[in-house]
Amino acid sequence: MSAPLLQVEGLRRLYRSRGWMGRRFVTRAVDGVSFTVMPGETLGLVGESGSGKSTTGRLVLGLEAPDQGRVLFDATDLGQLSQAARKPFRKRMQVVFQDPYAALNPRMRVGEFVEEPLVVHGQGGNAGERRDRVADLFRTVGLDPAFMRRFPHEFSGGQRQRVGIARAIALNPEFLVADEPITALDVSIQAQIVNLFQDLQQQMGLALLFIAHDLSMVRYLCNRVAVMLKGRIVEAGPTGAVFDDARHPYTQALLSAVPVPDPAIERGRRRIPFDAGAFVFPPEATMHDVGGGHLVLQGEDA
Ligand SMILES: Nc1ncnc2c1ncn2[C@@H]1O[C@H](COP(=O)(O)OP(=O)(O)OP(=O)(O)O)[C@@H](O)[C@H]1O
Ligand SMILES: [Mg+2]
């Protein structure tokens, strides 16, 4: 067994805000989240809106500091590093966002946008060599290199996401956080982008934290999956085990909402209700291994 590429230990992030009548309240966006990602592995992070998936992604990337817990990348505690010492890690960890249009600079030719990280990190040689590298990146993500001179508005949503991915892989990262990278795309395009991620994973040995709503894509793409609810992971494990033998009532409810492509099964599909608002974690709840690394959050009496 090789060592994990990413180790997340007991991450916690609270947001203090003011609500109605100026009342202060605290959102426990991420509350004791731990997981690992092995080199070349894809971990799917799923859960309802507001469960803390994006916050987890930002903490992992160091875009925000946790209140508690730590993030180790290649056995290095990122929280202990100075800005300068972090720079090489920023090259190795990249991100793809949900909305490629918001991520792109509308006044920058997409070729320059993909080239930018090479310039910032002094990689890819002279201007001519960098151009060749950008053309290669365009081909890798399935775009015609002739598009390099175009502006973002001249692309479709799927093409823009390909540009975002080209930039993210420009520095040959080992790890990518993809935060709902297909949610904003047409259904017909989603599978193409998921296939692109799969190709990159195979060609580059890229490890991926894939944050998603669409559970069928997660099943297709991810080696392991973690299910988040109200800032905590309630179930995690190999994708097959979690999908075929879900133990936590929240996971069971999530899966029961996924349409099945077989009409005979689809007719008999029953949605399992789950009231997330009313759900309270059992006191002293911890992750229990129900076999083969399939972990379920359970109270002591379960
Ligand atoms: N900067 C912030 N200030 C205050 N509250 C925040 C902030 N960012 C996130 N939150 C809150 O933290 C919780 C988790 O948010 P987060 O964006 O991580 O959820 P998510 O699982 O990514 O949801 P979605 O599926 O809708 O993207 C939410 O209740 C959200 O309102
Ligand atoms: Mg989010």
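Scroll up a little and you will see the structure.
One structure accompanies this document, and this report is about it. Values in this document were obtained by computation on a predicted structure and should not be read as measured data.

1. What about the sheet that holds strand 2 (residues 24–37)?
Next up, step 1: Spatially, 4 strands are ordered 2-1-4-5 in an open sheet, and the strand pairing comes out antiparallel. Pairing within the sheet leaves two strands with one partner each, and these edge strands are strand 2 and strand 5 (76–77).
Next up, step 2: Pairing of strand 1 (residues 6–18) with strand 4 (residues 68–73), which is carried by 5 bridges, proceeds in the antiparallel orientation. By the bridge assignment, L6 is partnered in strand 4 with F73.

2. Notes on the pairing of strand 10 (residues 232–238)
Next up, step 1: Judged by how many residues are buried, strand 10 sits mostly within the fold: 5 of 7 residues are covered.
Next up, step 2: Inspection of the sheet shows strand 9 (residues 224–229) paired to strand 10 by 6 bridges, in the antiparallel sense. Looking across to strand 10, one finds that A226 is bridged to A236.
Next up, step 3: The loop that links strand 9 with its antiparallel partner strand 10 comprises 2 residues; one of these, K230, has a positive phi angle of about 50 degrees.

3. Here we look at the pattern of salt bridges
Next up, step 1: One pass over the full model with this rule turns up 16 salt bridges.
Next up, step 2: Between E9 and R70 there is a salt bridge; the shortest N-O distance is 2.7 Å. Remark: R70 occurs in strand 4 and E9 occurs in strand 1; sequence separation between them is 61 residues.
Next up, step 3: E64 is paired through a salt bridge with R13; the nearest N and O atoms lie 2.7 Å apart. Of the two residues, E64 is situated in the loop between helix 1 (53–61) and strand 4 and R13 in strand 1; the sequence distance between them amounts to 51 residues.

4. Quick word on helix 5 (residues 127–140)
Next up, step 1: With 14 residues, helix 5 extends 20 Å between its outermost C-alpha atoms, agreeing within 8% with the 20 Å of an ideal straight helix rising 1.5 Å per residue.
Next up, step 2: Against the buried residues of helix 5 lie helix 4 (110–120) and helix 6 (157–169).
Next up, step 3: Where helix 5 starts, the residue carrying a side-chain oxygen 3.1 Å from the main-chain nitrogen of G128 turns out to be N126.
Next up, step 4: Of the residues one or two after helix 5, G142 is the one with positive phi, at around 80 degrees.

5. Considering the packing of aromatic side chains
Aromatic rings in a pair are described by how distant their centres are and how their planes are angled relative to each other.
Next up, step 1: According to the stated counting rule, one finds 7 aromatic pairs in the structure shown.
Next up, step 2: Pairing F73 with F89 gives two aromatic rings, centres 6.1 Å apart and planes at 90 degrees, and the pair type is edge-to-face. With F73 in strand 4 and F89 in helix 2 (residues 83–92), the pair connects residues that are 16 residues apart, well separated along the chain. Residue F73 shares its accessibility class with F89, and that shared class is buried.
Next up, step 3: Feature note: the residues Y250, F274, F279 and F281 constitute an aromatic cluster, connected by ring pairs.
Next up, step 4: Across the ring face of F113, the terminal group of R167 is positioned such that the distance to the ring centre comes to 4.3 Å.
Next up, step 5: Stacked on the ring of F281, the Lys or Arg R232 has its end atom at 4.5 Å from the ring centre.

6. Section: the site of ligand 1
Next up, step 1: Contacts to ligand 1 come from 14 residues, most closely from S49, G50, K53, S54 and T55.
Next up, step 2: Between ligand 1 and G50, the relevant distance is 2.7 Å, taken from an oxygen atom to a main-chain nitrogen or oxygen of the residue.
Next up, step 3: At a separation of 2.7 Å, an oxygen atom of ligand 1 approaches a polar side-chain atom of K53.
Next up, step 4: Taking 630 Å² as the accessible area of ligand 1 by itself, protein coverage stands at 63%.
Next up, step 5: Sorting the residues of the shell around ligand 1 by element identifies strand 2 and helix 1 as the ones contributing at least two each.
Next up, step 6: With 4 residues, helix 1 is the single largest residue contributor to the shell around ligand 1.

7. Digging into the nonpolar core
Next up, step 1: Of all hydrophobic cores here, the largest spans 57 residues; its most connected members are F138, I165, F197, F210 and V218.
Next up, step 2: Not counting chain neighbours up to four residues away, the residues in contact with I165 comprise V96, V141, I193, L196, F197 and L200.

8. Observations regarding the sheet that holds strand 12 (residues 295–298)
What holds strands together in a sheet is hydrogen bonding between their backbones, with the strands either parallel or antiparallel.
Next up, step 1: Spatial strand order, 6-7-8-3-9-10-12-11: 8 strands in an open sheet with mixed pairing. Of all the strands in the sheet, the pair left with one neighbour each is strand 6 (93–96) and strand 11 (286–289). Here the average twist between neighbouring strands, direction ignored, is 20 degrees.
Next up, step 2: Contacts between helix 1 and the sheet are confined to strand 3 (42–47), strand 6, strand 7 (175–179), strand 8 (207–212) and strand 9, with strand 7 contributing the most and set at about 155 degrees to the helix.

Analysis parameters
- Residues numbered from 1 in each chain as written.
- Chains lettered and ligands numbered in written order.
- Predicted model: local features only at pLDDT ≥ 70, side-chain atom pairs only at ≥ 80, totals over all residues.
- Heavy atoms only, no water.
- Pairing = 2+ DSSP bridges.
- Helix = DSSP H or I, 4+ residues; strand = E, 2+ residues; numbered from the N terminus.
- Buried < 20%, exposed > 50% of the residue type's maximum accessible area, 1.4 Å probe, protein only.
- Salt bridge = Lys/Arg side-chain N within 4 Å of Asp/Glu carboxyl O.
- Expected span 1.5 Å × (residues − 1).
- Contact = heavy atoms within 4.5 Å.
- Polar contact = N/O pair within 3.5 Å; in protein donor to acceptor, adjacent residues only side chain to side chain.
- Phe/Tyr/Trp six-rings, centres within 6.5 Å; stacked < 30°, edge-to-face > 60°.
- Lys NZ or Arg CZ within 6 Å of the ring centre and 35° of its normal.
- Near = heavy atom within 4 Å.
- Areas by Shrake-Rupley, 256 points an atom, 1.4 Å probe, with all protein chains shown as cover.
- Core = buried A, V, L, I, M, F, W, Y, C linked by side-chain atoms within 4.5 Å.
- Axes fitted to C-alpha atoms, helices over the stretch in contact; angles between N-to-C directions.

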